[in-house]
Protein chains: 2
Amino acid sequence: MTTAGHSAIRRDLREKLTGEAMYSADLKLPDMAHGLILRSPHPHADILSIDTAEAESLPGVHALITPFDIPAGRLAPDLLILDTRARFVGDEVAAVAAADLDTARRALDLIRVEYRTLPFTLDPSEALKPGAIAIHPGGNLAIPEPLSLERGNAQQGFAEADLVFEEHYSVPTHSATPLEPRAALASWDGDNLTLWKSTRGVHVDRDAIAGALGIPAFRVRVVGPFLGAGFGNKDESRLGAIAALLSQRAGRPVRVEYSRAEEFVAGRTRHAAEIDLKIGVKRDGAITAIHGKALLNTGAYQASVAGVSRRLGQGMLYLYRCPNVKYEAFPAYTNCPVAGSYRALGAPQGHFALETLMDRIAGDLGIDPLEFRLENHVPVEGQPGQRQSPPDQIIDSQPLEGGIPFSSNELDQCLRRGAEAFGWDNPLPDSGDPFLKRGKGMAMMIYRGGPGSVSAAEVRIDRSGRITLTSGLMDVGEGASTVLPQVAADVLGVSAGDIATHFADSADTPDAPITAGSTATFSTGTAVVQAATEVRRRLQEIASIGLEAPVSELEAAGGAIFVGSDPSRRMTIPEVAARMDEDHISAEATITPGSPDCIVNSFGAHFCEVEVDTATGRVRVLRYVAAHDSGRIINPRLALNQAEGAVSQMLGFALSEELVTDGPTGVTLNPSYLEHKSPTILDYPDLQVIFADNVDPVGPLGAKALGEVPSPGPAAAIANAIHHATGLRLTTLPFTPDRVLAALGSNSAQ
Amino acid sequence: MTTAGHSAIRRDLREKLTGEAMYSADLKLPDMAHGLILRSPHPHADILSIDTAEAESLPGVHALITPFDIPAGRLAPDLLILDTRARFVGDEVAAVAAADLDTARRALDLIRVEYRTLPFTLDPSEALKPGAIAIHPGGNLAIPEPLSLERGNAQQGFAEADLVFEEHYSVPTHSATPLEPRAALASWDGDNLTLWKSTRGVHVDRDAIAGALGIPAFRVRVVGPFLGAGFGNKDESRLGAIAALLSQRAGRPVRVEYSRAEEFVAGRTRHAAEIDLKIGVKRDGAITAIHGKALLNTGAYQASVAGVSRRLGQGMLYLYRCPNVKYEAFPAYTNCPVAGSYRALGAPQGHFALETLMDRIAGDLGIDPLEFRLENHVPVEGQPGQRQSPPDQIIDSQPLEGGIPFSSNELDQCLRRGAEAFGWDNPLPDSGDPFLKRGKGMAMMIYRGGPGSVSAAEVRIDRSGRITLTSGLMDVGEGASTVLPQVAADVLGVSAGDIATHFADSADTPDAPITAGSTATFSTGTAVVQAATEVRRRLQEIASIGLEAPVSELEAAGGAIFVGSDPSRRMTIPEVAARMDEDHISAEATITPGSPDCIVNSFGAHFCEVEVDTATGRVRVLRYVAAHDSGRIINPRLALNQAEGAVSQMLGFALSEELVTDGPTGVTLNPSYLEHKSPTILDYPDLQVIFADNVDPVGPLGAKALGEVPSPGPAAAIANAIHHATGLRLTTLPFTPDRVLAALGSNSAQ
């Protein structure tokens, strides 16, 4: 069985396992030239002039572009294709295309750039001070005005509290470290451009690049080859525009591929954040007020900064039953590498603060952390209060007002089943080593994935019975191209393997949003259900004649349409298709996902056991249980992979990863896997994933979002377990051995 | 300008000139194995057993198939994938796939086949005699019963004649000699097969191969890569089925490519024919009766045999005004290589007989050949007589009854303008060499290309303004993928270069017929006009709101929609597209080409000057004028290429080409370019092409068929010119030096 609820094998498995899968950097075209980018050595500088004469005279150099000789269109409000001001060490200054990479490298060395260096800042709080040098016109606040959201009255809520807890949390920047560095291949045919590139949305790339190049969008075709991991992170169009200009000037195809170091420096990082959190409670644990305040470092350019800022407050605003909540965010430009969206955006930073402080509150009140959360989590009927405006008027967030129910909320089930699977109430086994301290910790999470932008899908069946599902969506590696045909197969009553797919080509797939916000299954899935239902209806109409039964009595399953009361009266789908009048039947659905009557959120609860080596400071995660409410699971194996992937990826966030920018120079000091300290398979715990029994009434076939949902859990669960093991309340990520040792030292010194 | 009537550069020009174009044999897949076919050394034999053990044990051999271990489905009524009877020298017996070609060759050598040889015949008249061994069950007539068509009463017509002329004509078989030998690449993904192959119709191949393999058609995807010439000839699906079975058994992709010799022997030849023709005339030249009788050699299997048989009689039945016509055809199986459709099917054989005998009649009556034809060609109102049944009830031919007009007929214009350009009335310059005799000759032709099978096209525009034309049609090299977007551009008022195309993929293009019968522009063009008109209408509806003008006042040209009376009130197509409610607008048209009220035919008249070397027998064509009525010419340059290509290709038919089968053994003696004697650029005459001024009222934008139309002309025009130069009436093709010398010898001996 390969319909919904079954673990259909991912469609790209064979290609990926055998190495047949072609990623953007694997593509070759005849006469293709290779592009390289010259990057700024200065964190902040004006480019006064660029002398390219010597580079251009090098045999084999086909094209060279500088900010002075290209279209001045913008890829984003603050981003030109190449700019005369460099804003971080690694910012794009010029680019060259040559017959081979060696020649391109030599050409880069021969480009003479005259810079005028400017004062710079790497610190967002410095950047926001009056008098700080403006990195962009309009100042260093990266959004028009600070984000400030309030439900109820926080000040009054604190006045009603018996106890008020406060803490400051620090989260550094880190990289998404996809195995595939970004690449783009551009080729022109007359006035028409085709771009194969690492992308999370071909139509969005098309529009951004066409706009920057100053050509009509219909002249740009963007195709998404296999992507070597997305993590919501491969969102910039600049590389594509550079490849396009080089190719146009060279009169031949040009491919540009980032080096590993470039991927770290010129990719997108997670936003570093400084968070102040204050929570007021009654002695019985009831929460009267929450006030969170975040300062975010968005780096030299903004990318998804509004979404990141909002998502950081998501847990504070919505995870607990609390009438009075205030959340403020101040994202600042600095001369650091660019931060952007990275799996779950700001939610991991915010949940880390929230769920460790809640843990401390529970401890101080003498309440078991699990009990505390069972008592206080947001109820299924949503935040209490009066509904004031329809949900669809609130962009990228739930409404702040209360009184609006969740479509479904099985957080309680996550907490109870996760705790049971973990054995929360059982004593931990002793390590048998006096230096190795064991502890358990937990955290819960809320995430508004799911409803996203307008989405579309097309289902088509031709007279031979061939079924094709077309979507503009980019499968960023998560498996949408496997799961969505399962959804269509479920509706049509056929095997998912019998449905061909066509995805992510701006030339001939419906306009799609970026693959982000965990919404591919939810929103495009909704369109798939609708389109497939329409095709099924039309097939049933045809079958109705042959089977001499009204449409209302016909069912579709097992590759056939049959009379429900007498399944022997049946026609196979190809038999029905052969009777079509038209060459093919197709239906396209364009939908706005979600519901005006409720809020769709996903939930989870994580439990872990850690072992802290008090001699070395090293923290190991021994066991991990992740329990999730993502509605009905369409493909259990892929869902398991998502949850496992998110937890193991966030071990780096919790324990080891940090992308370090050198204070005096702005240089990124550790742009490599080794020194960025990504976790490896040896760090992987015994991990169990549980999915709550739930069929969401709004989501397609009952599904809700999953991809990003587990990411906010690990840092807080591990921090709480470290506390349980050692008594330490660590507030600065990651929990590296030196930091743990230092904390142990100061602790024992007290 | 790239709309209709302008010589848009062919879309594949750059790929073909630079070598980027990927033909089927250029395609590679990872782990691909190479297939070879074992062919019969006997012209007729039963295969008793095949011992593959030794071949299979050879390291590197991945798969081996024989008639004894494969599905017994049929590719055609008389054709299995592999059969236990071999019917010509070269017939497929077994096939092997190995890691490399050397291993595959060694494996072929190791296959032991036990044959029981059977009596065989290479001669169609022998094959049709009672008692001849049956090559297929049911006997050697390759159609259910002999073709016999009669209009009026031929016997009575001859009784009314003053003079009756008779002649026997012989036409040997020859090969289409495409530069690209046939190739197929098969790859399975689970139960689903993808085939890239040399094809003239992906949907027809899909259905034939799926049927033979016994799997549903929706599991087979056939894709047509670039084709290295079609000539209506690359029609067999057997190679694809063999590649598919080898790939399935090998568990990896398998590519099979014919060698040059295989292309000659196992490709498809033009039918050899023996023709008896009898014509009755009044002394003033009025034709009272025509009776043609053709014996065709269809070889070991039938391919397009009904169409070839009919088209051979086309000139006899329809080219001249004549109330009494009879035509009979007897296509016979023999143990020769397979004949099939090759550019203009049987028309060149039939026109050769008709137009040389008519020339003799004109000469004997003392009428100038041009005058004779101007007097006697079929009139624009069609054959005289009473209409008896609607044209659409007659398959693959015009109705035999009279009284039905042509949609248009500019044969008269072709004759007059061609003669004028040639200088028909001027004396020929002397060669200055007593051995070199010069002469002029002419011939005219009728060809029912154009209306063909049900055809479809889809035109789509998305919100960015990108326009895509989708057709299932295979561009066999003639340029449909260039011409059809011109047609769409004309309707939409945009530049053809701005229309993307998607052709020839059975997975996602509308079902299309084979590219044959010169009908691509005519029939798919009609669908393109209809689909584009619908898209234009919907764009005009959108523009109507923005421009505040009714749709009826809006025009589309220059990439914009504008108010006809005030072109400054305009919106560009992308501006209109941006206002669409839907993701895209698309329209598909499925049409039955042609008209119930008239017959659509194309016409031509050819004139040539030859020089016969009476010392060597060599004939050179010095000058050639081809005048054609193909309605409105959509792309003059491509049309010129078609006419030039047809004429130069048929120089081989007239002067040199013959595929020789050895009588005692059935072996093809000359399967090579050198010995098959294809003409080269050195044989090419000074050639002028003229297109009649005509806009057909039925064809799309006024176009009629062209591709095959000129092929029937050269053999007769050259024969007539040889007569003019030497007095010889040659009746056996080709006019090789030995044949000319022998005729000159017997002539002077008389």
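Residues numbered from 1 in each chain as written. Chains lettered and ligands numbered in written order. Predicted model: local features only at pLDDT ≥ 70, side-chain atom pairs only at ≥ 80, totals over all residues. Heavy atoms only, no water.

Student: For the overall build of chain A, give the residues involved together with the corresponding values.
Tutor: Check the secondary structure of chain A and you find 20 helices and 30 strands. For 750 residues, the compact-globule estimate of 2.2 N^0.38 gives 27 Å, and chain A sits close to it at 27 Å. Dimensions of chain A, computed from the C-alpha atoms along their principal axes, are close to 85 × 75 × 55 Å. Within chain A, the proportion of its 750 residues that are buried is 63%. (Helix = DSSP H or I, 4+ residues; strand = E, 2+ residues; numbered from the N terminus. Rg over C-alpha atoms; globule rule 2.2 N^0.38 Å. Buried < 20%, exposed > 50% of the residue type's maximum accessible area, 1.4 Å probe, protein only.)

Student: Explain the pairing of strand β24 (residues 554–557) of chain A to me, and be specific about the residues and the numbers.
Tutor: Residues and elements named next belong to chain A. Here β24 shows a buried face lined by L554 and A556 and an unburied face lined by E555 and A557. Taken together, the 4 bridges between β24 and strand β25 (residues 560–563) define a ladder with antiparallel strand orientation. Across the sheet, L554 pairs through a bridge with V563, a residue of β25. Where β24 hands over to β25, the hairpin turn is made up of 2 residues, of which G558 adopts a positive phi near 60 degrees. (Pairing = 2+ DSSP bridges.)

Student: Summarise helix α14 (residues 480–492) of chain B; cite the residues concerned and give the values.
Tutor: All names here are of chain B. With 13 residues, α14 should reach 18 Å at 1.5 Å per residue; the first-to-last C-alpha distance of 18 Å fits that figure. Of all 13 residues in α14, 12 are buried; the element is thus mostly enclosed. For α14, the full list of buried residues reads A480, S481, T482, V483, L484, P485, Q486, V487, A488, A489, V491 and L492. Positive phi appears at G493, one or two residues downstream of α14, with a value of about 70 degrees. (Expected span 1.5 Å × (residues − 1).)

Student: Which residues make up the interface of chain B and chain A, and what are the values?
Tutor: Contacts between the two partners involve 32 residues from chain B and, on the opposite side, 32 residues from chain A. Summed over both sides, the interface of chain B with chain A buries roughly 2,600 Å², with 41% coming from carbon and sulfur. Linking chain B with chain A are 4 salt bridges, by the criterion used here. Between R206 of chain B and D462 of chain A there is a salt bridge, and its shortest N-O distance comes to 3.6 Å. Where chain B touches chain A, the interface holds 11 residue pairs in polar contact (both at pLDDT 80 or more). Those elements giving two or more residues to the side of chain B that touches chain A turn out to be β14 (220–223), β21 (455–462) and β27 (584–591) of chain B. Each residue belonging to the side of chain B that touches chain A can be placed in one class, and the counts come to 8 nonpolar, 9 polar and 15 charged. (Contact = heavy atoms within 4.5 Å. Buried area = accessible area lost by both parts, 1.4 Å probe. Salt bridge = Lys/Arg side-chain N within 4 Å of Asp/Glu carboxyl O. Polar contact = N/O pair within 3.5 Å; in protein donor to acceptor, adjacent residues only side chain to side chain. Nonpolar A, V, L, I, M, F, W, Y, C, P; charged D, E, K, R; others polar.)

Student: Account for the domain arrangement of chain A, naming residues and giving values.
Tutor: All names here are of chain A. The domains assigned to chain A are domain 1 (17–118 + 180–228 + 234–266), domain 2 (352–447 + 599–749) and domain 3 (452–591). The straight-line distance from the C-alpha centre of domain 2 to that of domain 3 is 37 Å. Listed by partner, the interface residues are 18 residues for domain 2 and 14 residues for domain 3. Together domain 2 and domain 3 conceal approximately 1,100 Å² of surface at their shared face, both sides included; 68% is due to carbon and sulfur atoms. It is I634, P700 and L701 that lose the most area in domain 2 upon contact with domain 3, and together they represent 42% of the buried surface on that side. (Domains from an automatic or database assignment.)

Student: Now, about the sheet that holds strand β26 (residues 566–572) of chain A: what can you tell me, with residues and values included?
Tutor: All names here are of chain A. What the 3 strands build is an open sheet, ordered β24-β25-β26; its pairing is antiparallel. On the outer flanks of this sheet lie β24 and β26, each paired with one strand and no other. Averaged over all adjacent pairs, the angle separating strand axes in this sheet is 35 degrees, with direction ignored. Sheet topology note: the β25/β26 ladder contains 4 bridges and is antiparallel. Within β26, the position partnered with V563 by the bridge is D566. The sheet contacts of helix α15 (residues 520–547) involve β24, β25 and β26, and relative to β24 the element is tilted by about 120 degrees. (Axes fitted to C-alpha atoms, helices over the stretch in contact; angles between N-to-C directions.)

Student: Before we move on, can you summarise the packing of helix α14 (residues 480–492) of chain A against α15 of chain A with the specific residues and values?
Tutor: Residues and elements named next belong to chain A. With their axes 8 Å apart at the nearest point, α14 and α15 run at an angle of 35 degrees to one another. Relative to α15, α14 is oriented so that their crossing is right-handed. Note on element contacts: α15 touches α14 through A520, T521, T524, G525, V528, V529, A532, T533, V535 and R536, opposite A480, V483, L484, V487, A488, V491 and L492. Grouping the amino acids of the contact of α14 with α15 by side-chain chemistry returns 12 nonpolar, 4 polar and 1 charged. (Left-handed = near helix turned anticlockwise from the far one by under 90°.)

Student: Lay out the sheet that holds strand β18 (residues 287–299) of chain B in plain terms, naming residues and giving numbers.
Tutor: Residues and elements named next belong to chain B. Taken together, the 5 strands give an open sheet; going across it, the order is β9-β19-β18-β17-β10, and neighbouring strands pair in mixed fashion. What marks the edges here is a single partner per strand, and that holds for β9 (147–151) and β10 (163–171). When strand polarity is set aside, the average angle formed by the axes of neighbouring strands in this sheet is 10 degrees. As judged from the 9 bridges shared by β10 and strand β17 (residues 272–281), these two strands associate in the antiparallel manner. Bridge pairing in β17 places V164 opposite G280. The strands that helix α9 (residues 305–312) touches are β9, β17, β18 and β19 (325–333); relative to β19, the one it contacts most, it runs at about 145 degrees.

Student: Explain the relation of the copies chain B and chain A residue by residue, including any values.
Tutor: Superposition of chain B onto chain A requires a rotation of 180 degrees combined with a translation of 0.1 Å along the rotation axis, giving an RMSD of 0.0 Å. The two molecules are tied by a two-fold rotation axis, judged by turn and shift. Looking at chain B, 100% of its interface residues are interface residues in chain A too, so the copies touch through the same face. (Least-squares fit on C-alpha atoms with pLDDT ≥ 70 in both.)

Student: Describe the side chain of N233 of chain B, naming the residues involved and giving the relevant values.
Tutor: Residue and element names in this part refer to chain B. As for its position among the elements, N233 is in the loop between β14 and α7 (238–250). Accessibility expressed as a relative area gives 1% for N233, which makes it buried. At a separation of 2.7 Å, a polar atom in the side chain of N233 contacts the side chain of R182. When residues no more than four places from it in sequence are discounted, the contact partners of N233 are A176, R182, R268, S341 and Y342.

Student: So what about the environment of A4 of chain B? Which residues, and what values?
Tutor: Residue and element names in this part refer to chain B. The residue A4 is located in the segment before α1 (13–18) in this model. Of the residues examined, A4 reaches a relative accessible area of 5% and is grouped as buried. C-alpha separation for the pair A4 and L473, spaced 469 residues apart in sequence, amounts to 19 Å. Among residues more than four places away in sequence, those in contact with A4 are Q486, D490, R632, I634 and L701.

Student: Which residues make up the environment of G477 of chain B, and what values go with them?
Tutor: All names here are of chain B. Note on placement: G477 falls in the loop between β22 (467–471) and α14. G477 sits in the partly exposed class, given a relative accessible area of 27%. As for G477 and G228, which are separated by 249 residues in sequence, their C-alpha atoms are 6.9 Å apart. Beyond its immediate chain neighbours, meaning those up to four positions away, G477 contacts R10 and K16.

Student: Describe the pattern of salt bridges, listing the residues and the values that go with them.
Tutor: Residue and element names in this part refer to chain A. Applying the stated criterion across every chain, the model contains 76 salt bridges over all chains. Measuring nitrogen to oxygen at the nearest pair gives 3.5 Å for the salt bridge that ties D235 to R268. Highlighted residues: D235 in the loop between β14 (220–223) and α7 (238–250) and R268 in the loop between α8 (260–266) and β16 (269–270), separated in sequence by 33 residues. This pair shows no difference in class: D235 is buried, exactly as R268 is. In the salt-bridge network here, residues are joined through shared partners; they are R39, D91, E92, R238 and E262.

Student: Go over a nonpolar patch on the surface with me, naming the residues and quoting the values.
Tutor: All names here are of chain A. Judged by side-chain polarity, I9, L13 and L17 come together as a nonpolar surface patch covering roughly 310 Å² of accessible area. Looking at the element boundaries, I9 is found in the segment before α1 (13–18). I9 sits in the exposed class, given a relative accessible area of 56%. (Patch = residues over 30% accessible without salt bridge, like charges linked within 9 Å, V, L, I, M, F, W, Y side chains within 5 Å. Areas by Shrake-Rupley, 256 points an atom, 1.4 Å probe, with all protein chains shown as cover.)

Student: Explain unusual backbone geometry to me, and be specific about the residues and the numbers.
Tutor: Between L733 of chain A and the following residue, P734 of chain A, the backbone shows a cis peptide bond with an omega angle of -15 degrees. Looking at the secondary structure, you find P734 of chain A in the loop between α19 (713–726) and α20 (737–749). Residues other than glycine seldom take positive phi values, yet A504 of chain A does so here, at roughly 55 degrees. You can see A504 of chain A is positioned in the loop between β23 (499–503) and α15. Phi is positive for F231 of chain B, which is not a glycine, with a value near 55 degrees. Tracing the backbone through its elements, the reader meets F231 of chain B in the loop between β14 and α7.

Student: How would you sum up the packing of aromatic side chains? Please name residues and give values.
Tutor: Each aromatic ring pair is characterised by the separation of its centres together with the angle its planes make. Inspection of every chain in the model, using the stated rule, returns 18 aromatic pairs over all chains. With centroids separated by 5.5 Å and ring planes inclined at 75 degrees, the aromatic side chains of Y169 of chain B and F352 of chain B adopt a geometry described as edge-to-face. Within this pair, whereas Y169 of chain B is found in strand β10, its partner F352 of chain B is found in helix α11 (residues 347–365), the two being separated by 183 residues in sequence. Pairing Y320 of chain B with F372 of chain B gives two aromatic rings, centres 6.4 Å apart and planes at 50 degrees, and the pair type is tilted. Taken together, the residues Y320 of chain B in the loop between α10 (314–318) and β19 and F372 of chain B in helix α12 (residues 369–376) connect sequence positions 52 residues apart. In terms of burial, Y320 of chain B and F372 of chain B fall into one category: buried. Cluster of aromatic residues (ring-pair linked, three or more members): Y169, F352 and F735 of chain A. (Phe/Tyr/Trp six-rings, centres within 6.5 Å; stacked < 30°, edge-to-face > 60°.)

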